[in-house]
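Given next are the chains, with one letter for each unit.
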Amino acid sequence: NVLKQDQQDITLKHDVVKALMDIDDTKALPALLDFYKKSFSSNTKPTNKLPALSQVLIKLADKKTILTLLQSDLEDIRISAVRAIPHFQKQLDINRLIPGLMKIQSNKIRVEVIQILTKVKYEKAFSLLVRIIKSVNIDVKLQKAAILTLGRLDNSKGTDIISKSI
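Residues numbered from 1 in each chain as written. Predicted model: local features only at pLDDT ≥ 70, side-chain atom pairs only at ≥ 80, totals over all residues. Heavy atoms only, no water.

This part is about the overall build of the protein. Of regular secondary structure, the protein possesses 10 helices and 0 strands. When the helices and strands of the protein are placed in sequence order, the string is α-α-α-α-α-α-α-α-α-α. Each of the 166 residues in the protein was classed as buried or not, and the buried ones make up 41%. For the protein, the exposed area adds up to about 10,200 Å²; of that, 49% sits on carbon and sulfur atoms. (Helix = DSSP H or I, 4+ residues; strand = E, 2+ residues; numbered from the N terminus. Buried < 20%, exposed > 50% of the residue type's maximum accessible area, 1.4 Å probe, protein only. Areas by Shrake-Rupley, 256 points an atom, 1.4 Å probe, with all protein chains shown as cover.)

Below is the structure:
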């Protein structure tokens, strides 16, 4: 009930979300997802005082839920699902998932996908990052994310690529 009331104190909502996460019962996930979806769709994004949806997903979701949320109409829900992927990488086919996610038109989502490449085992991560860095007609935010991610990968070849992008 507290999560459904618009005027409730944010601290109380935080406590409810945190308690539901601590109980560690997956039955709480639908109510939490509804709360976050309403927050995202009403353009009143959850504040920093609330746990990030990706943390809720890591705690309570399963592979099927993550794959479903990656198809959401709400960009913020998709971003949260992308951020949770590293936790589920043993259950997901990362080598099929990453290329599909990189085809999404949203640059915000694609930046998130690039950023998780340091946390998942994606066999083509290096070549994907190099392709993004060398691309001429690509959003600068994607290139920046690719450069930073390549720098975090432990690959000496990345030094040459990053140096040449200066």
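Once the structure has been displayed, the description carries forward.
The next thing to look at is the environment of Ile-77. Turning to its location among the elements, Ile-77 is positioned in helix α5 (residues 75-84). Note on Ile-77: relative accessible area 0%, which makes it buried. Here the alpha-carbon distance between Ile-77 and Leu-33, two residues 44 residues apart in the chain, equals 8.9 Å. Apart from the residues lying within four places of it in its own chain, the contact partners of Ile-77 are Lys-37, Phe-40, Leu-53, Leu-69 and Ser-72. (Contact = heavy atoms within 4.5 Å.)

Assignment of secondary structure puts Thr-149 in helix α9 (residues 140-152). The class for Thr-149 is buried, based on a relative accessible area of 0%. For Thr-149, the side chain forms a polar contact with the main-chain oxygen of Ile-114, separated by 3.4 Å. Dropping the residues within four chain positions of it, Thr-149 is found in contact with Ile-114, Gln-115, Leu-117, Thr-118 and Leu-129. (Polar contact = N/O pair within 3.5 Å; in protein donor to acceptor, adjacent residues only side chain to side chain.)

With that settled, consider the nonpolar core. Among the nonpolar cores identified, the biggest contains 52 residues, and Val-56, Leu-57, Ile-85 and Ile-98 are the most heavily contacted of them. If we ignore the near neighbours within four places in the chain, the residues touching Leu-57 are Leu-29, Leu-33, Ile-66, Leu-69, Ser-80, Ala-81, Ala-84 and Phe-88. (Core = buried A, V, L, I, M, F, W, Y, C linked by side-chain atoms within 4.5 Å.)

Right, let's get into the pattern of salt bridges. On inspection of all chains with the given rule, the structure shows 4 salt bridges. Across the pair Lys-27 and Asp-25 runs a salt bridge, and its minimum N-O distance is 3.7 Å. Given a relative accessible area of 67%, Lys-27 falls into the exposed group. On the basis of relative accessible area, Asp-25 is assigned to the partly exposed category, the value being 26%. With a shortest N-O distance of 2.9 Å, Glu-112 and Arg-83 are connected by a salt bridge. One end of the pair, Glu-112, is in helix α7 (residues 107-116); the other, Arg-83, is in helix α5, with 29 residues separating them in the sequence. We classify Glu-112 as buried; its relative accessible area is 11%. (Salt bridge = Lys/Arg side-chain N within 4 Å of Asp/Glu carboxyl O.)

Tallying each qualifying case throughout the model produces 2 aromatic pairs. Relative to Tyr-36, the ring of Phe-35 lies with its centre 5.3 Å away and its plane at 75°, an arrangement referred to as edge-to-face. Each member of the pair Phe-35 and Tyr-36 is classed as buried. Ring centres 6.3 Å apart and planes at 40° place the aromatic pair Tyr-36 and Phe-40 in the tilted group. Taken together, the residues Tyr-36 and Phe-40, both in helix α2 (residues 29-41) and 4 residues apart, mark about one turn of the helix. Both residues of the pair, Tyr-36 and Phe-40, count as buried. Taken together through their ring pairs, the aromatic side chains of Phe-35, Tyr-36 and Phe-40 make up a single cluster. (Phe/Tyr/Trp six-rings, centres within 6.5 Å; stacked < 30°, edge-to-face > 60°.)

Close contact between α5 and α7 brings their axes to 9 Å; oriented N to C, the two are set at 5°. Here α7 runs roughly parallel to α5, going by the angle between their axes. Side by side, α5 and α7 meet where Glu-75, Arg-78, Ile-79, Val-82 and Arg-83 of the first sit next to Lys-108, Ile-109, Glu-112, Val-113 and Ile-116 of the second. The residue makeup of the contact of α5 with α7, split by class, is 5 nonpolar, no polar and 5 charged. (Axes fitted to C-alpha atoms, helices over the stretch in contact; angles between N-to-C directions. Parallel < 35°, antiparallel > 145°, perpendicular 65-115°, else oblique. Nonpolar A, V, L, I, M, F, W, Y, C, P; charged D, E, K, R; others polar.)

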